[in-house]
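Next come the chains, spelled out residue by residue.
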Amino acid sequence: MKSQWCRPVAMDLGVYQLRHFSISFLSSLLGTENASVRLDNSSSGASVVAIDNKIEQAMDLVKSHLMYAVREEVEVLKEQIKELIEKNSQLEQENNLLKTLASPEQLAQFQAQLQTGSPPATTQPQGTTQSPAQPASQGSGPTA
């Protein structure tokens, strides 16, 4: 019988300590003085409302900070997407230019290498008369 009586007291004490810790934590988070949100044992209903209000304020603060961080990240990602689209467009133009400058033999050799899965040769034979291609952003193409 004695252990049943001790349990509610211990639970009440634990709840009181948890409330006090929560109020202290939220007060420091919100920058308010601890004295303004002290628990009053005679009006526990009012203190619960005060705690709920502080929790709601803290959650609103966290929400606004998260929304700000998400907006910043979205802007960074939009900029990266824009840069990648520009780079992709530049590479497509360069690819098209290289395709027009390549001889039919080189294109056939490249297609054969793609089918076999071997890496394409990176060196060009010394006897070719083609001028090196410039990327589309650096010039309009080779001049004859």
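Residues numbered from 1 in each chain as written. Predicted model: local features only at pLDDT ≥ 70, side-chain atom pairs only at ≥ 80, totals over all residues. Heavy atoms only, no water.

- The chain goes by TSC22 domain family protein 1 in an unreviewed UniProt entry, where it is assigned to Macaca fascicularis.
- The record held by UniProt for the chain lists under Sequence similarities (unreviewed entry) the comment "Belongs to the TSC-22/Dip/Bun family." (UniProt positions renumbered as here; feature names shortened; annotations may be inferred.)

### Focus on the overall build of the chain
Reasoning step 1: When you go through the chain residue by residue, the secondary structure sums to 3 helices and 0 strands.
Reasoning step 2: Counting every position in the chain, which comprises 144 residues, the buried fraction comes to 10%.
Reasoning step 3: Once local pairs closer than 6 in sequence are excluded, the contacts in the chain between residues at least 24 apart make up 54%.
Reasoning step 4: On the chain, roughly 12,000 Å² of surface is accessible, and the fraction owed to carbon and sulfur atoms is 59%. (Helix = DSSP H or I, 4+ residues; strand = E, 2+ residues; numbered from the N terminus. Buried < 20%, exposed > 50% of the residue type's maximum accessible area, 1.4 Å probe, protein only. Contact = heavy atoms within 4.5 Å. Areas by Shrake-Rupley, 256 points an atom, 1.4 Å probe, with all protein chains shown as cover.)

### Notes on the confidence of the model for the chain
Reasoning step 1: Per-residue confidence for the chain averages 74 on the pLDDT scale, and 53% of its residues sit at or above 70.
Reasoning step 2: Per-element confidence in the chain ranges from a low mean pLDDT of 58 for helix 1 (residues 2-30) to a high of 94 for helix 2 (residues 44-101).
Reasoning step 3: With pLDDT under 50 throughout, residues 1-7 is counted as low confidence; its partners more than four residues away or in other chains account for 0 contacts.
Reasoning step 4: A low-confidence stretch, residues 33-37 (pLDDT under 50), is modelled with 8 contacts involving residues beyond four sequence positions or located in other chains. (pLDDT = per-residue confidence, 0-100.)

### Points about the UniProt feature "coiled-coil region" (unreviewed entry) in the chain
Reasoning step 1: Cross-referencing UniProt, the feature "coiled-coil region" (unreviewed entry) maps to residues 67-101 in the present numbering.
Reasoning step 2: Between the C-alpha atoms that bound residues 67-101 the distance is 51 Å, and the span itself is 100% helix and 0% strand.

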